[in-house]
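Coordinate inspection notes
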Amino acid sequence: ELSYFRDLEAVEPWNKNTAYGSLFQAGIEGFIKTKELRGHSKFIQNEFERQIASHGEAIDDILWWSSLAEKQGRIFIQHYEKELAEFNFTNSEARHSVNITLPSGREIKLNGYIDGENADSFMENKCRAEWNPERIANEIDLNLQFNYYCLIWYAEKNSLPKTVWY
């Protein structure tokens, strides 16, 4: 019997660290898909509503963090407006699924959602407390998610991406 599961709290309630990243990424996804700041705001609003539906007890926190995601997302879009237009990321949060054969002969399936992409490049957004481009550049080849997405990209296109925004 599974009665011991009843009346227990969620292992992890609403968490600002993961929730803020979801709010921020929703805004970037909205901008990539619509090419408009209005799309950025609408996707954040949709994510805000999703979080409220799941964690209504944290409404004040969700409201504060969604407001921050809105402001910082707009700053990001305005700061990188020229580069975003140049790279013309046209796809966001598209599902990728590839089968890989390991040296042992075993086959595995890799699934992932890349934050933004075009024909020869992809972007992966990370929310960081400390922004240090030199450190990111020095550590990127050790980043599991970066390597995972490069492997998916290579399996699909038989080449590595020309550019990775991280």
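A brief report on the enclosed structure follows. Values in this document were obtained by computation on a predicted structure and should not be read as measured data. (Residues numbered from 1 in each chain as written. Predicted model: local features only at pLDDT ≥ 70, side-chain atom pairs only at ≥ 80, totals over all residues. Heavy atoms only, no water.)

Looking only at helices and strands, one finds six helices and five strands in the protein chain. Order of helices (α) and strands (β) in the protein chain, N terminus to C terminus: α-α-α-α-β-β-β-β-α-α-β. Out of the 166 residues belonging to the protein chain, those deemed buried represent 35%. Counting contacts in the protein chain only where the partners sit at least 6 residues apart, residues at least 24 apart contribute 63% of the total. Of the roughly 11,000 Å² that the protein chain leaves accessible, carbon and sulfur atoms contribute 52%. A distance of 4 Å separates the average location of the 18 positive side-chain charges in the protein chain from that of its 26 negative side-chain charges. (Helix = DSSP H or I, 4+ residues; strand = E, 2+ residues; numbered from the N terminus. Buried < 20%, exposed > 50% of the residue type's maximum accessible area, 1.4 Å probe, protein only. Contact = heavy atoms within 4.5 Å. Areas by Shrake-Rupley, 256 points an atom, 1.4 Å probe, with all protein chains shown as cover. Lys, Arg positive; Asp, Glu negative; His and termini not counted. Charge placed at Lys NZ, Arg CZ, Asp CG, Glu CD.)

Okay, the environment of F76 next. Position of F76 among the secondary structure elements: in helix α3 (residues 59-79). Take F76: its relative accessible area is 17%, and that puts it in the buried class. Expressed as a C-alpha distance, the spacing of F76 and I28, which sit 48 residues apart in the sequence, is 8.9 Å. With residues up to four places along the chain from it excluded, the contact list for F76 reads F24, I28, M123, N125 and W165.

Here the distance between the centres and the angle between the planes together describe a pair of aromatic rings. One pass over the structure, following the stated rule, counts twelve aromatic pairs. Arranged with centres 5.0 Å apart and planes meeting at 55 degrees, the rings of F76 and Y80 form a pair that is tilted. Relative accessible area serves as the criterion here: at 27%, Y80 is assigned to the partly exposed category. Aromatic side chains F122 and Y149 sit 6.2 Å apart centroid to centroid with 90 degrees between the ring planes, which places their arrangement in the edge-to-face category. With a gap of 27 residues between them, F122 in strand β4 (residues 121-123) and Y149 in helix α6 (residues 144-157) connect regions that are remote in the sequence. Considered together, F122 and Y149 belong to a single accessibility category, that of buried residues. Aromatic ring contacts, followed pair by pair, group Y20, F24, W64, W65, F76, Y80, F87, F89 and W165 into a single cluster. Between the NZ or CZ atom of K157 and the centre of the ring of W153, over which it lies, the distance is 4.5 Å. (Phe/Tyr/Trp six-rings, centres within 6.5 Å; stacked < 30°, edge-to-face > 60°. Lys NZ or Arg CZ within 6 Å of the ring centre and 35° of its normal.)

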